[in-house]
Amino acid sequence: MRRRAQQPGRWIPAVVGAALVGFMAVLPLLNLSLPGILPTPTYMPGTLALLSLCMVFAALALSYNLLLGSGGMLSFGHALYFGAGAYGLGIALEHFGVPLWPGVFIALVGGMVIALATGAVSMRVSGIPFAMVTLAFAQAGSVLVRRNSQITGGEEGLSLNTAQVPDFLIGVINTRNLYWFTLAVLVVVYLVTLWVDTSRLGHLARATRENEQRVRVLGLSPYRVKLIVFVIAAGLASLAGVAYMLLQSGTVPRSVSADLTITVLVMVVLGGVGFRWGAIVGGVLYTLLDQRLTVLAGSDAIAGLPDWLRVPLSEPLFLLGVLFIVVVMFLPGGIAGTIDSAVRRRRGERARGALRQLDDADDATGTPVAGAAASESVRA
Amino acid sequence: MSGEPILTVRHLRCTIAGQQVVEDVSFDVPATGITAVLGRNGVGKTSTLRGVLGLISRRGEVTLAGERIDGLPTHRIVRRGVGYVPEDREVFSKLTVAENLALAERQRSPRREFVAELFPDLVARRDQPAGTLSGGQQQMVSVARALLNDNRLLLVDEPTKGLAPKIVTEVADALQEASKTVPILLVEQNLEVVRRLADDAVVIAGGRVAHVGKADDILDDDDLTRRLLGVHVEHEDAYDALSERSESK
Amino acid sequence: MSTLVLTLITGVGLGALYFLVASGLSLIYGLMHVLNFAHGAFLTLSAFVGWMVAQALGTDSWGSFLLSLLVGAGVGAVFATLTELVLIRPLYERHIEQVLVTVGLSFAAVALFEGIWGTDPVHISGPSWLKQTTEVLGARIPNTYWVLMIAAVLVLAALVLFLQKTRYGMIIRAGVENRSMVTALGIDVRRSFTLVFAIGGAAAGIGGVLAMHYSTFVSAHLGQTLLIFAFIVTVVGGLGSLTGAAVASVVVAVLQQFANFYLGGTGDFIVVILLALVLLVRPTGLLGKRA
């Protein structure tokens with residue numbers, strides 16, 4: 001960790017961040033237009049709904065970045081906790097009949113309890129086997145949700161029981177309020193991830209990511225460190241899920257699926273693994289691209305193209321998948337990582353990207369199935 | 001010692017998972033005889049060998065018989081005539097002895113008879129899975145693998161580690177026989193073996209070369225051995241053991 | 001009694017399908033330490049192409065069925081080989097990025113398949129014998145299960161023969177144990193990587209065509225659901241162990257069928273519990289390498 005005390009510019013990121021939040025907060029009151037990107041001027045609900053969705057996914061991406069970037073854990077089941085937040089709120093309101101804020105609390109706690117249980121089991125292994133186990137758990141969650149239609153609405157999804165929700169959050173007129181709510185959620189999630197990263201826990205998590213042996217030698221438990229980070233990240237994902245549920249007035253089984261986790265993975269990698277602002281950029285960019293590419297796909301320009309061009313171009317996910325592959329192969333740092341290395345190179349420093357560090361950690365443990373057993377030491 | 005060295009290493013730097021394990025190592029390996037690599041535990045001896053072979057990330061200049069090999073992938077370096085006997089033997093436990101050896105054969109007519117004479121025990125056990133062999137037998141497989149081909153250089157890493165004294169002698173015999181036709185770079189902690197086999201020696205400390213010279217000279221120098229190798233060599237015993245052995249040969 | 005027989009035999013048949021998909025995954029992971037997410041895409045494409053071939057020749061005949069199997073294997077092998085050469089090989093030794101790239105490929109491939117063949121499942125049919133059942137000890141077993149079992153046994157036999165009797169097979173067996181030592185013997189492992197991907201792709205292709213007949217439809221998502229079970233089987237059986245994958249396939253599938261029949265359709269759930277149990281007790285899987 002560089003000692004930032006001497007740098008005079010160290011308040012700049014905080015000032016910029018605050019200014020940005022301020023700008024976003026007043027956006028619904030302004031009449032700005034970005035034709036081609038935003039569907040309507042900024043004070044109208046169409047754009048506000050889109051931006052809210054962007055922020056929900058930015059928050060989810062931030063929580064995933066905490067897991068992958070800071071914690072070094074590649075999970076394919078993160079959506080489980082997002083879905084737990086969404087479904088948790090829905091179920092609490094619908095079946096327990098509680099008002100909104102207790103419902104939110106229940107959803108958050110529920111998500112974290114599930115994370116504690118699944119995380120404890122998953123962390124028996126690490127690296128790629130860990131990823132597979134998290135995938136299996138998410139799949140189980142998905143099946144659970146689909147099968148228990150009484151509770152979860154099954155394939156149709158669960159809609160928000162608006163009777164329990166305060167009026168100022170219901171209806172298209174109040175999209176502004178939902179927008180501000182999701183902005184608040186994003187700020188909270190960001191501050192929590194910032195706090196974790198800069199705290200002793202974050203320090204330990206980074207050390208564990210690089211070399212578990214070192215942490216063990218210090219008498220600390222890498223398992224416990226990782227589990228705490230895992231549960232915090234899951235809690236943040238649940239919070240994002242709650243916001244999603246409120247925003248969309250309902251949720252579907254897809255929100256617990258591995259599909260969604262992979263979508264979030266794409267967001268984080270595109271934005272840049274290990275960078276908080278990268279996660280936000282990735283989440284926003286992906287959501288915008290997904291929406292706009294879908295609109296573009298239906299346009300006349302595309303419809304006129306020969307089949308072999310038209311078919312791929314009308315599938316936004318295909319384009320995003322290809323973009324993802326290109327980024328992983330040629331720009332593994334993502335947007336934030338590439339910019340960061342360019343800046344560092346100008347300063348004369350050397351940086352090792354987060355993905356390369358994960359590779360190194362994977363190699364250093366000898367066999368990928370290191371888990372709780374002692375990893376092979378690096379021999380001289 | 002005459003002629004060009006078979007291997008020259010200049011400013012070799014190696015890293016494992018981002019950690020520097022070899023700082024700056026430079027030395028030559030003569031084209032005949034056995035050169036020992038000495039040093040305390042953890043000082044970078046194994047990493048030096050692995051760096052020469054390209055098994056770990058490395059920078060610097062490495063030249064084999066006049067040609068640069070530091071930019072080549074491991075299998076190409078090996079195909080140029082480098083045999084490798086790794087620390088901890090690394091035989092394939094689920095493959096039979098015969099399969100382990102067959103895997104190592106690179107040329108049309110590998111030196112099977114030569115190897116069969118040196119290691120008759122292995123011939124008898126050809127269909128046994130290598131994982132069921134004793135440590136000493138596995139070491140034989142490991143050495144045999146390196147001797148099957150016409151190599152220009154052998155890199156041998158602690159071949160006597162963890163073996164009973166009788167087996168140590170057998171391994172040393174095999175290496176001595178091999179050294180008649182191919183130069184060997186030998187990492188070895190057992191100083192008796194070093195004294196018996198090695199002509200020259202390179203001492204590594206702190207990831208760098210601390211001393212180069214004749215093996216006997218270095219081992220006779222108490223101060224040096226204590227400082228760089230962390231051991232106290234008992235001269236009397238070593239000489240007795242040697243003379244016993246040379247008499248029984 | 002007949003339900004028991006039915007559950008058992010259909011379990012083994014389903015296990016055969018899992019094995020066809022998991023065998024490639026296990027070998028690829030064992031040798032290359034790459035989790036191939038795109039395996040499902042290989043499967044799906046083979047199924048679609050196999051279906052087009054069968055349609056062209058008339059879906060009722062055994063000849064077209066067998067040909068579609070062959071074509072499926074071929075398509076799977078080609079797709080897998082291209083993936084390895086273009087996407088995996090350039091990322092040599094960077095395992096996390098390799099996994100990510102296969103994730104991206106599966107992401108893009110499924111979207112492309114939806115674009116080409118639509119999002120709705122396509123109903124398929126094959127030789128009429130497949131729609132019938134055979135009676136065994138009072139249980140009526142749909143004949144697709146027999147085909148699955150025969151195919152899996154043949155593939156397993158072929159794989160074992162290949163691994164035990166050929167030089168490349170030997171290289172792969174050694175490489176699964178210790179890849180760096182194989183390179184230190186002067187062997188270029190990268191060729192084996194491509195070969196293992198091709199073999200895995202071919203097995204997945206066969207699995208894809210048969211999965212299509214088993215579920216009587218083909219869709220862009222055919223591979224994805226199967227893939228998750230294949231992952232579970234691979235982890236339970238022990239990463240890199242072919243026999244482990246074979247044993248685990250049968251164990252997992254039989255358990256799943258029993259849970260489905262006797263515990264009210266909780267098969268999927270029980271499988272995940274099994275995975276959790278195995279990981280708690282034996283993290284390296286039933287037959288995997290000891291850590």
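Residues numbered from 1 in each chain as written. Chains lettered and ligands numbered in written order. Predicted model: local features only at pLDDT ≥ 70, side-chain atom pairs only at ≥ 80, totals over all residues.

### Examining the overall build of chain C
No. 1: Along chain C, the regular secondary structure elements total 11 helices and four strands.
No. 2: For chain C, whose C-alpha radius of gyration is 19 Å, the value lies close to the compact-globule estimate of 19 Å for 291 residues.
No. 3: Summarising its shape, the C-alpha atoms of chain C cover approximately 55 × 45 × 35 Å along the three principal directions.
No. 4: A buried classification covers 60% of the 291 residues belonging to chain C.
No. 5: The long-range share in chain C, meaning contacts at least 24 apart out of those at least 6 apart in sequence, stands at 76%. (Helix = DSSP H or I, 4+ residues; strand = E, 2+ residues; numbered from the N terminus. Rg over C-alpha atoms; globule rule 2.2 N^0.38 Å. Buried ≥ 20, exposed ≤ 12 C-beta atoms within 10 Å, placed from the backbone. Contact = placed C-beta atoms within 7 Å.)

### Quick look at the overall build of chain A
No. 1: Looking only at helices and strands, chain A has 17 helices and two strands in total.
No. 2: Its C-alpha radius of gyration of 21 Å places chain A within 12% of the 21 Å reference for a compact globule of 380 residues.
No. 3: C-alpha extents for chain A along the principal axes are approximately 65 × 50 × 50 Å.
No. 4: The burial tally for chain A puts 50% of its 380 residues in the buried class.
No. 5: Across chain A, every contact between residues at least 6 apart in sequence was considered, and the portion connecting residues at least 24 apart equals 73%.

### Describing the interface of chain A and chain C
No. 1: Taken together, the 43 residues of chain A in the interface contact 38 residues of chain C.
No. 2: Elements supplying a minimum of two residues to the side of chain A that touches chain C: helix H5 (127-147), helix H11 (258-271), helix H14 (307-313), helix H15 (316-330) and helix H17 (354-364) of chain A.
No. 3: When residues of the side of chain A that touches chain C are assigned to their parent elements, the largest contribution, 12 residues, is made by H5 of chain A.
No. 4: Of the residues that constitute the side of chain A that touches chain C, the class distribution is 34 nonpolar, five polar and four charged. (Nonpolar A, V, L, I, M, F, W, Y, C, P; charged D, E, K, R; others polar.)

### Quick look at the packing of helix H3 (residues 79-96) of chain A against H5 of chain A
Residue and element names in this part refer to chain A.
No. 1: Relative orientation of the contacting elements H3 and H5 amounts to 30°, with a least axis distance of 9 Å. On the basis of their axis angle, the class for H3 and H5 is roughly parallel. Where H3 abuts H5, its residues Ala79, Leu80, Gly83 and Tyr87 lie against Phe137, Ala138, Gly141 and Val145.
No. 2: Residues of the contact of H3 with H5, tallied by class, amount to six nonpolar, two polar and no charged. (Axes fitted to C-alpha atoms, helices over the stretch in contact; angles between N-to-C directions. Parallel < 35°, antiparallel > 145°, perpendicular 65-115°, else oblique.)

### A look at the pairing of strand E10 (residues 208-214) of chain B
Residues and elements named next belong to chain B.
No. 1: In terms of strand pairing, strand E9 (residues 200-205) meets E10 through six bridges, oriented antiparallel. Looking across to E10, one finds that aspartate 200 is bridged to lysine 214.
No. 2: Between E9 and the antiparallel strand that follows it, E10, lie two residues; glycine 206 among them carries a positive phi value of about 60°. (Pairing = 2+ DSSP bridges.)

### Section: the nonpolar core
Residues and elements named next belong to chain A.
No. 1: One finds Ala59 and Ala240 to be the most contacted residues of the largest nonpolar core, which totals 301 residues.
No. 2: For this core, the element with the highest residue contribution is helix H10 (residues 222-248), accounting for 17 residues.
No. 3: Ignoring anything within four residues of it in the chain, the contact list for alanine 59 reads Val185, Leu186, Val189, Leu236, Ala240 and Ala243. (Core = buried A, V, L, I, M, F, W, Y, C linked by C-beta atoms within 7 Å.)

### What to know about the environment of phenylalanine 324 of chain A
No. 1: With respect to the helices and strands, the residue phenylalanine 324 of chain A is situated in helix H15.
No. 2: Sequence separation between phenylalanine 324 of chain A and leucine 270 of chain A is 54 residues; the distance between their C-alpha atoms is 6.6 Å.
No. 3: Ignoring anything within four residues of it in the chain, the contact list for phenylalanine 324 of chain A reads Val266, Val269 and Leu270 of chain A together with Gly104 and Phe107 of chain C.

### Thoughts on helix H8 (residues 189-215) of chain C
Residue and element names in this part refer to chain C.
No. 1: Over its 27 residues, H8 runs 38 Å from end to end, which matches the ideal 39 Å to within 8%, given 1.5 Å per residue.
No. 2: A large share of H8 lies buried, amounting to 23 of its 27 residues.
No. 3: Just downstream of H8 lies threonine 216, where phi reads positive at about 60°. (Expected span 1.5 Å × (residues − 1).)

### Let's talk about unusual backbone geometry
No. 1: Within the chain, histidine 11 of chain B stands out as a residue other than glycine whose phi angle is a positive 55°.
No. 2: Take histidine 11 of chain B: it is sitting in strand E1 (residues 7-16).

### Section: the confidence of the model for chain C
No. 1: Put simply, chain C has an average pLDDT of 89, and 99% of its residues get 70 or more.
No. 2: Scoring the predicted complex yields pTM 0.84 and, for the interface, ipTM 0.88. (pLDDT = per-residue confidence, 0-100.)

### So, helix H7 (residues 175-198) of chain A
Each α-helix winds once per 3.6 residues, and so residues spaced three or four apart point in a common direction.
Residue and element names in this part refer to chain A.
No. 1: Taking 1.5 Å per residue as the helical rise, H7 with its 24 residues ought to reach 34 Å, and the 34 Å between its terminal C-alpha atoms agrees with that figure.
No. 2: Among the residues making up H7, those that are buried are Thr175, Leu178, Tyr179, Thr182, Leu183, Val185, Leu186, Val189, Tyr190, Thr193 and Val196.
No. 3: The inward-facing, buried residues of H7 abut helix H1 (12-26), helix H2 (45-70), helix H8 (200-210), H10 and helix H12 (276-297).

### What about the pairing of strand E4 (residues 57-64) of chain B?
Residue and element names in this part refer to chain B.
No. 1: Bridge analysis of E1 against E4 gives seven bridges, and the strand direction is antiparallel. Paired with threonine 8 across the strands is threonine 63, a residue of E4.
No. 2: Across two bridges, the pairing between E4 and strand E5 (residues 67-68) is antiparallel. Paired with threonine 63 across the two strands is arginine 68, which belongs to E5.
No. 3: What sits between E4 and E5 in their antiparallel hairpin is a turn of two residues, with alanine 65 showing a positive phi close to 50°.

### Observations concerning the confidence of the model for chain A
No. 1: In the predicted model, chain A carries a mean pLDDT of 82, and 92% of its residues have values of at least 70.
No. 2: Here residues 366-380 of chain A scores under 50 on pLDDT; set against residues more than four positions off or in separate chains, the count is 42 contacts.

### Considerations on the packing of helix H1 (residues 2-32) of chain C against helix H5 (residues 144-165) of chain C
Residues and elements named next belong to chain C.
No. 1: Two numbers describe how H1 lies on H5: the axes approach to 8 Å, and their chain directions differ by 40°. The angle between H1 and H5 falls in the class oblique. H1 and H5 meet at a crossing whose hand is left-handed. Along the contact surface, H1 presents Ile9, Thr10, Val12, Gly13, Ala16, Leu17, Phe19, Leu20 and Ser23, while H5 presents Tyr145, Leu148, Met149, Ala151, Ala152, Val155, Leu156 and Leu159.
No. 2: In terms of residue class, the contact of H1 with H5 is made up of 14 nonpolar, three polar and no charged. (Left-handed = near helix turned anticlockwise from the far one by under 90°.)

### Section: the environment of valine 49 of chain C
All names here are of chain C.
No. 1: As for its position among the elements, valine 49 is in helix H2 (residues 39-57).
No. 2: Residue class for valine 49 comes out buried when judged on the 20 C-beta atoms lying within 10 Å of it.
No. 3: Separated by 20 residues in the primary sequence, valine 49 and leucine 69 have C-alpha atoms spaced 9.8 Å apart.

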